[in-house]
Amino acid sequence: MTWIDFVNLLINGLIEGLVVALPALAMTLVMGVNRFPNAATGDMLTTGAYAAVAVQLLGGWPLWAAALGSMVVTALVSAGSYTLIFRKLAGRPMVSSMLAAIGLGFLLRSLIGFFAGHDQRTFDLPLVRAWNFGGIRILPTDLVIAAVAAACLVVVFVLIYRTSFGRQLRAVADSADLARASGIRANGLMLCLWLLVGALSALGGVLLGMKAVVSPEMGWESLIPAFAAMVLGGIGSPVGAVLGALLLCVAQELAVPLMGPSYKLVLSFVVLALVLLVRPAGIMGRVQLVR
Amino acid sequence: MIAYLCAIGIVALIYCLLALGLNLQFGLTRLVNFGVVAFFAVGAYTSGLLALQGVPLVLCFVAAGVLSGLLALPIGLLSLRLRDDYLAIVTLGFSEAVRISIQQESWLTKGVQGLPGLPKLFASWGSGVSDMAIFATLLAVVAVVAWGTVRLAASPFGRLLKAIGDDEPALSALGKDPAWFKVQVFMLGAALAGLAGAFYAHFITFITPEQFIPLITFYVWMGLVMGGSGTVRGAVFGSLLLMVFLEGSRFAKDWVPGVSEVGMASLRLAAVGLALILVTLYKPNGLFGGKTQ
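Just so it is clear, the structure is predicted and the values come from calculations on it, not from any experiment.

Reading guide: rules and limits
- Residues numbered from 1 in each chain as written.
- Chains lettered and ligands numbered in written order.
- Predicted model: local features only at pLDDT ≥ 70, side-chain atom pairs only at ≥ 80, totals over all residues.
- Heavy atoms only, no water.
- 1 Å grid on protein atoms, 1.4 Å probe; cavity = no way out; pocket = protein on both sides within 12 Å on 5 of 7 lines; lining within 4 Å.
- Points joined across faces, edges and corners; volume = space filled by probe spheres on them.
- Helix = DSSP H or I, 4+ residues; strand = E, 2+ residues; numbered from the N terminus.
- Nonpolar A, V, L, I, M, F, W, Y, C, P; charged D, E, K, R; others polar.
- Phe/Tyr/Trp six-rings, centres within 6.5 Å; stacked < 30°, edge-to-face > 60°.
- Buried < 20%, exposed > 50% of the residue type's maximum accessible area, 1.4 Å probe, protein only.
- Lys NZ or Arg CZ within 6 Å of the ring centre and 35° of its normal.
- Core = buried A, V, L, I, M, F, W, Y, C linked by side-chain atoms within 4.5 Å.
- Axes fitted to C-alpha atoms, helices over the stretch in contact; angles between N-to-C directions.
- Parallel < 35°, antiparallel > 145°, perpendicular 65-115°, else oblique.
- Left-handed = near helix turned anticlockwise from the far one by under 90°.
- Contact = heavy atoms within 4.5 Å.
- Salt bridge = Lys/Arg side-chain N within 4 Å of Asp/Glu carboxyl O.

This model, assessed by the stated rule, comprises two cavities of 30 Å³ or more. Its boundaries defined by the atoms lining it, the largest cavity holds a volume of some 40 Å³. Trp-220, Leu-223, Ile-224 and Leu-265 of chain A together with Leu-92 and Glu-96 of chain B are the residues that line the largest cavity. Among the elements of the structure, helix 10 (223-233) of chain A together with helix 4 (84-104) of chain B are those that each provide at least two residues to the lining of the largest cavity. Partitioning the lining of the largest cavity into residue classes produces five nonpolar, no polar and one charged.

Listed below in structure tokens is the structure:
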């Protein structure tokens, strides 16, 4: 492998990492506050991608407008799933919420498969040629994807660390009882969180669909990588989720010449198991409080 | 009709065996295994590959159970350090890793083409009779495992496992080390799944990686949770209920006109998803489960 191949793989890994960071962040927010790994996150991604495809097909809108529309739709689906399912499971064993999340994932995926079919779809995008800098190839589309993902991450971080919504959220994540005692009203806050998480997943799905193709299985396939990224970064740490996603995806890309693309998911799993074995709290994680 | 009932019965008993294994892991010990299908797959492939080499079927079955059990050792050791939510995702990831490895390593497993022409159990007895013999053998195995589980749950060892599930810190405080028991029970459950895999391979006689998707894991979970985890009764009746559900949806096709085969598969998956949600919401103890779970 020459250094030019290396740089190409590195760039690709960084862009993929920025995309995976979105679902990883969505998962880590729910994990930090609601205390269960939301296994439906992947299928929320799929929902977002298909909502955007539908908006484009129905209205002939440009992709950015379709993406905005899909963020609204998916945010509503996400908040609805919280109201109808996960709010009622709070306080029950964590396995209940996880099983329900898996069930929700199956439900979303199969409804999409039923109505939209199982053929792969692509977004209506203009075809562009990759820029070539002496062998280092950069697709303009990839730059757009990276920029949008990065901008979205910045917005979420501002929301979490600079607004009263974020302060309250972090207070609930630290100690739900203490937060309630100090007058934080959890219900509205939770709805906002799940709206945010839905919008984040939708954008992740659209970007993933731009990078590859849209299919009913696309989100499920990114569930393990997103979870590995979240664990790698330290559960409940938003910055960690993003760093973890970047690290994981770069490692995955660099491993492709050695193992072939099919083993990417296996590598995610190996990284996940190793991190949990060596440092269960992740790179940025604190020691978990006993619930 | 009898042949059809016999085939359904065999599949139901295979799910029953899987559910009994999961019941040991989750029902008794609260180990959340979302990778049941991995051990099922390894059992099926181990037995299938050995049988194609001419190894007697009895030895193939033993090897399937042993290898699946051994494969659970590293995961079981990992589980000692993990909270149950992490363990859930790790086992889920493990099952996908196993499936992809089976798909990729075609020098061993023939990849996506799968292994056709596996020897059928009791094949020399004629096709109709062999199914009945498989059914009877499975029934005996399930009965023994169910009886063993009941005895186990009532023994001091079983009470220890229950105590691990209920309150592990208290148990450690009493000076018991729960670690090795957890690993043992994880391996035992996995070995049962491997055995179920061998029965599956030598009943269907054709296995591909496509048959070992995570959905199978959640079928087993659905059966166990519907029936009521923690009890043998729950695992057995839950698997039967699951079978009614899966086969019923096949007949529902005649009732819903204008839906294609693929569309029906989607609807069935949707029903599984909905059932998982509804059961956890409204029947957390299952239909036949105790009240204390």
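Now for the packing of aromatic side chains. Scanning the entire structure with this criterion turns up 21 aromatic pairs over all chains. Centroid distance Phe-114 of chain A to Phe-115 of chain A: 5.1 Å. Interplanar angle 85°. Geometry classified as edge-to-face. Ring plane angle 65° and centroid distance 5.7 Å describe the contact between Phe-40 of chain B and Phe-212 of chain B, whose orientation is recorded as edge-to-face. Here Phe-40 of chain B, found in helix 2 (residues 36-52), pairs with Phe-212 of chain B, found in the loop between helix 9 (179-204) and helix 10 (214-227); they are 172 residues apart in sequence, far enough to count as distant. Note on Phe-40 of chain B: relative accessible area 5%, which makes it buried. Exposure remark for Phe-212 of chain B: the relative accessible area of 2% places this residue in the buried category. Taken together, the ring pairs connect Phe-106 and Trp-220 of chain A together with Phe-26, Phe-34, Phe-218 and Trp-221 of chain B into an aromatic cluster. Above the ring of Phe-26 of chain B, the side-chain terminus of Arg-30 of chain B is found at 4.5 Å from the ring centroid.

A few words now on the nonpolar core. Grouped together as the largest cluster of nonpolar side chains are 193 residues, with contacts concentrated most on Phe-34 and Trp-221 of chain B. Here this core gets 15 residues from one element, more than from any other, and that element is helix 1 (residues 2-28) of chain B.

At a minimum axis separation of 10 Å, helix 3 (residues 63-89) of chain A and helix 12 (residues 261-282) of chain B run at an interaxial angle of 45°. Taken together, helix 3 of chain A and helix 12 of chain B sit at an angle that is classed as oblique. The way helix 3 of chain A lies across helix 12 of chain B gives a crossing that is left-handed. Residues Leu-84, Ile-85, Lys-88 and Leu-89 of chain A of helix 3 of chain A form the contact with helix 12 of chain B, whose participating residues are Ile-277, Thr-280, Leu-281 and Tyr-282 of chain B. In the contact of helix 3 of chain A with helix 12 of chain B, the residues fall into six nonpolar, one polar and one charged.

Residue and element names in this part refer to chain A. Evaluated as defined, the whole model comprises seven salt bridges over all chains. The residue Lys-264 makes a salt bridge to Glu-16 at a minimum N-O spacing of 3.4 Å. Of this pair, Lys-264 sits in helix 12 (residues 264-278) while Glu-16 sits in helix 1 (residues 3-34), and the two are 248 residues apart along the sequence. Residue Lys-264 is classed as partly exposed on the basis of its relative accessible area, which comes to 21%. Close ionic contact of Glu-253 with Lys-264 constitutes a salt bridge, the shortest N to O distance being 2.8 Å. With Glu-253 in helix 11 (residues 238-259) and Lys-264 in helix 12, the pair connects residues that are eleven residues apart, well separated along the chain. Shared partners join several salt bridges into a network, and the residues in it are Glu-16, Glu-253 and Lys-264.

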